[in-house]
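Secondary and tertiary structure notes
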Amino acid sequence: MKNIIEITNLNKAFKDVKAVQNLSFKVKEGELFAFLGLNGAGKSTTISIICGQLAKDSGTVIIDGFDIDKGVEGIKSELGVVFQNSVLDKPLTVKENLENRAALYGINGNNFKTRLSELSELLDLKDILNRPVGKLSGGQRRRADIARALLHNPKILILDEPTTGLDPQTRHTLWDVISTLRKETGMTVFLTTHYMEEAADADYIVILDSGKISAEGTPLELKNNFSVDYITLYGSTAEQVQTLGYEFETIKDAFRIAIPSTAVATELIVNNPQIFKDYEITKGKMDDVFLAVTGKSLSANGGAEK
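So, here is what we can say about the structure in this document. (Residues numbered from 1 in each chain as written. Predicted model: local features only at pLDDT ≥ 70, side-chain atom pairs only at ≥ 80, totals over all residues. Heavy atoms only, no water.)

Some words on the packing of helix α2 (residues 94-104) against helix α4 (residues 138-150)
Contact pair α2 / α4: the axes reach a minimum separation of 9 Å and the direction vectors enclose 20 degrees. Between α2 and α4, the angle is such that the two are roughly parallel. As α2 packs across α4, the resulting crossing turns out to be right-handed. Residues V94, L98 and R101 of α2 form the contact with α4, whose own contacting residues are A144, A147 and R148. Split into classes, the residues belonging to the contact of α2 with α4 amount to four nonpolar, no polar and two charged. (Axes fitted to C-alpha atoms, helices over the stretch in contact; angles between N-to-C directions. Helix = DSSP H or I, 4+ residues; strand = E, 2+ residues; numbered from the N terminus. Parallel < 35°, antiparallel > 145°, perpendicular 65-115°, else oblique. Left-handed = near helix turned anticlockwise from the far one by under 90°. Contact = heavy atoms within 4.5 Å. Nonpolar A, V, L, I, M, F, W, Y, C, P; charged D, E, K, R; others polar.)

This is the structure:
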């Protein structure tokens, strides 16, 4: 599988603030790549550089084999971007917004009608096509934003905090659409998010802290390296749990033990059947990973990067 994005030794500073520091990573074609970090970590700065909206200080950015130093026109058709804040014209209808955007890519007449019909079906836009964007709910506007980004069938879809502020049902609907697109077209998705359950579904994750990479890997690799598993024991006494030799906490009518791996859990269970009569094992979560790597909670961050 080839690399569709290659970032090498990327640097960007705003006066004394080093927004991105010697950043290097690769995104494989067709994968869901998650870029995680708190507000100000450098995520949006990196995206702006990738899209050609912001000049880098140094380093290289290769998009589908094209060096952006040769001009952003070379990558314009490769990228579709859903920004944190909607860029749609509020007084115009959804259809008018999409029509204006499509014209920039030479999509006119019957070609536009066909593409509009496809996107309307995919994103359930039929009831809002003729409504002014300013009159839409957050979820409706987000669907229109995604339609705008997909008009020209990009190879790479960049989603910068796409579901912030949306209700769970709308978030689920949008991810169903994105999943369908990936399966049908092989599209690469580059995601920034502070919802850990979204990041947990990624093929590869890079965690950014103060403009530098703090950790990277698949969700499983990151969980194995930076989080712990938990055993919750029911029907045991504190004295029994204490004999296992691990720190534990009392939760309601049970005890919870933090253990370094599932292999350790298996060993404990096999060697202490009299204690493990009723129990459950819980794998570490991405929230635990982020907290371990950065010392901060991403889910509690809850805002869009400025």
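Quick notes on the packing of helix α3 (residues 109-123) against α4
Orientation of α3 relative to α4, taken along the N-to-C sense of each, is 140 degrees, at an axis distance of 10 Å. Classified by the angle their axes make, α3 and α4 are oblique. Our pair here, α3 against α4, has a crossing hand that is right-handed. For the pair α3 and α4, the contacting residues are R115, L119, L122 and L123 in the first and R143, I146, A147 and L150 in the second.

Considering α2
All of the buried residues along α2 are V94, N97, L98 and A102. Buried residues of α2 fall within an arc of 130 degrees about the axis and therefore sit on the same side. On the buried face of α2, the contacting elements are α3 and α4. Immediately beyond the C-terminal end of α2, within one or two residues, lies G106, with a positive phi of roughly 75 degrees. (Buried < 20%, exposed > 50% of the residue type's maximum accessible area, 1.4 Å probe, protein only. Arc of directions from axis to C-beta.)

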